[in-house]
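Fold and contact review
Here's the letter readout for the chains.
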Amino acid sequence: MTFEQFAMARLPSLLRYAVVLTGDRELAQDVVQEVLARAHVRWRRISDADSPEAYVRRMVLNEYLSWRRSWAARNVHAVGERLVDLDDARGGVGDHAQDVVEADELWKRLATLGRKQRAVLVLRYYEQLDDVAIADLIGCSPATVRSHASRALKTLRLTSERHTKIHAEETS
């Protein structure tokens, strides 16, 4: 497979993956563009790997984790409508406006996480990887992966509880 064939076939998947990691379509496009530019130069070596797609996905993850413009990586824009579209495609039925509000709130809460915590959640719940595979990708131990996941989920829960408490106080 040539680099051009690979890029044409896998670009949508790589962009979706990067959007979930970054929470920002433009930043995701920048990350994927940077990765594909580097992959093009190294394509002979990458194409010899067991799984070129896994290799490039790891490049995307590494680029996200080491992104130089850290302020942009933490500045997550609401993309809730896209998440709702994905749910609707799976047959979900409900109040579209409420779904957008909830998805928007989730993105805001995800923005409060550090990059490694967020990457662990994306790799665990979006990519469906186990702790050992995540540890290998991030370059840490499985116990550290579990620690990142635990802290991230705790932060998300606490943020959700605070939001619920504030909302209840406002309505009473």
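Focus: the packing of helix α4 (residues 52-65) against helix α8 (residues 115-126)
For the pair α4 and α8, interaxial distance at closest approach is 10 Å and the crossing angle is 155°. Judged on the interaxial angle alone, α8 and α4 are roughly antiparallel. Along this stretch, α4 crosses α8, giving a crossing that reads as right-handed. In contact with Leu61, Tyr64 and Leu65 of α4, α8 contributes Arg115, Lys116, Arg118, Ala119 and Leu123. For the contact of α4 with α8, the residue count by class is five nonpolar, no polar and three charged.

Here we look at the confidence of the model for the protein
Averaged over the protein, the pLDDT score is 81; the fraction of residues at 70 or greater is 76%. Predicted confidence for residues 69-74 stays below pLDDT 50, and this span has 11 contacts to residues more than four positions away or in other chains.

Details of the nonpolar core
If you look at the biggest cluster of nonpolar residues, it comprises 36 residues, and the most contacted ones within it are Leu21, Val56, Val60 and Leu61. Only α1 (3-22), α2 (25-41), α3 (43-47), α4, α8, α9 (131-138) and α10 (142-171) provide two or more residues apiece to this core. Here the element with the most residues in this core is α1; it accounts for 10 residues. Apart from the residues lying within four places of it in its own chain, the contact partners of leucine 21 are Val60, Leu61, Tyr64, Arg118, Ala119 and Val122.

Comments concerning the packing of aromatic side chains
The full count for this structure, using the stated rule, is two aromatic pairs. Residues phenylalanine 3 and tryptophan 43 carry aromatic rings whose centres are separated by 5.5 Å and whose planes lie at 70° to one another, so their mutual orientation is edge-to-face. You can see phenylalanine 3 sitting in helix α1 and its partner tryptophan 43 sitting in helix α3, a full 40 residues away along the chain. Like phenylalanine 3, the residue tryptophan 43 is buried in the burial classification. Here phenylalanine 6 and tryptophan 43 contribute two aromatic rings whose centre-to-centre distance is 4.9 Å and whose plane-to-plane angle is 40°, an arrangement assigned as tilted. Remark: tryptophan 43 occurs in helix α3 and phenylalanine 6 occurs in helix α1; sequence separation between them is 37 residues. The exposure class assigned to phenylalanine 6 is buried, which follows from its relative accessible area of 3%. An aromatic cluster is defined as three or more aromatic residues linked by ring pairs; in this entry it consists of Phe3, Phe6 and Trp43. The lysine or arginine in question, arginine 57, covers the ring of tyrosine 17, its NZ or CZ lying 4.8 Å from the ring centre.

Quick word on unusual backbone geometry
One non-glycine residue, glutamine 128, lies in positive phi territory at about 60°. Along the chain, glutamine 128 turns up in the loop between α8 and α9. In this structure glutamine 128 comes out as exposed when scored by relative accessible area, which is 61%.

Thresholds, definitions, all that
Numbering of residues begins from 1 in every chain and follows the order in which that chain's sequence is written. Owing to the predicted nature of the model, reporting of local features is limited to residues with pLDDT of at least 70; listing and counting of side-chain atom pairs is limited to 80 or more, with chain, interface and lining totals taken over all residues. Where side-chain values are given, they derive from all heavy atoms of the structure, hydrogens and water being excluded. Angles shown run from 0 to 180 degrees and are taken between the N-to-C directions of axes, each axis being a line fitted to C-alpha atoms and, for helices, limited to the stretch in contact. We count a stretch as a helix when DSSP gives it H or I for four or more residues in a row; a strand needs E for two or more, and each element gets its number in order from the N terminus. An angle counts as roughly parallel when it lies under 35 degrees, as roughly antiparallel when it exceeds 145, as roughly perpendicular when it falls between 65 and 115, and as oblique in every other case. With the far helix as reference, a near helix turned anticlockwise by less than a right angle produces a left-handed crossing, and one turned clockwise produces a right-handed crossing. Between two residues, a contact is recorded if the distance between any of their heavy atoms is within 4.5 Å. All amino acids are sorted into three groups, where Ala, Val, Leu, Ile, Met, Phe, Trp, Tyr, Cys and Pro are nonpolar, Asp, Glu, Lys and Arg are charged, and the leftover types, Gly among them, are polar. Confidence scores here are pLDDT values: one per residue, from the predictor, ranging 0 to 100. Among buried residues, the Ala, Val, Leu, Ile, Met, Phe, Trp, Tyr and Cys ones that are joined through side-chain atoms within 4.5 Å form a nonpolar core. Relative accessibility under 20% of the residue-type maximum defines a buried residue, over 50% an exposed one, and the middle range a partly exposed one, all with a 1.4 Å probe and only protein chains included. Here is the rule: rings of Phe, Tyr and Trp (six-membered ring for Trp) pair when centre to centre is within 6.5 Å. Planes less than 30 degrees apart are stacked, more than 60 are edge-to-face, and the remainder are tilted. A positively charged side chain is recorded as over a ring if its NZ (Lys) or CZ (Arg) lies within 6 Å of the ring centre. The angle to the ring normal must also be within 35 degrees.

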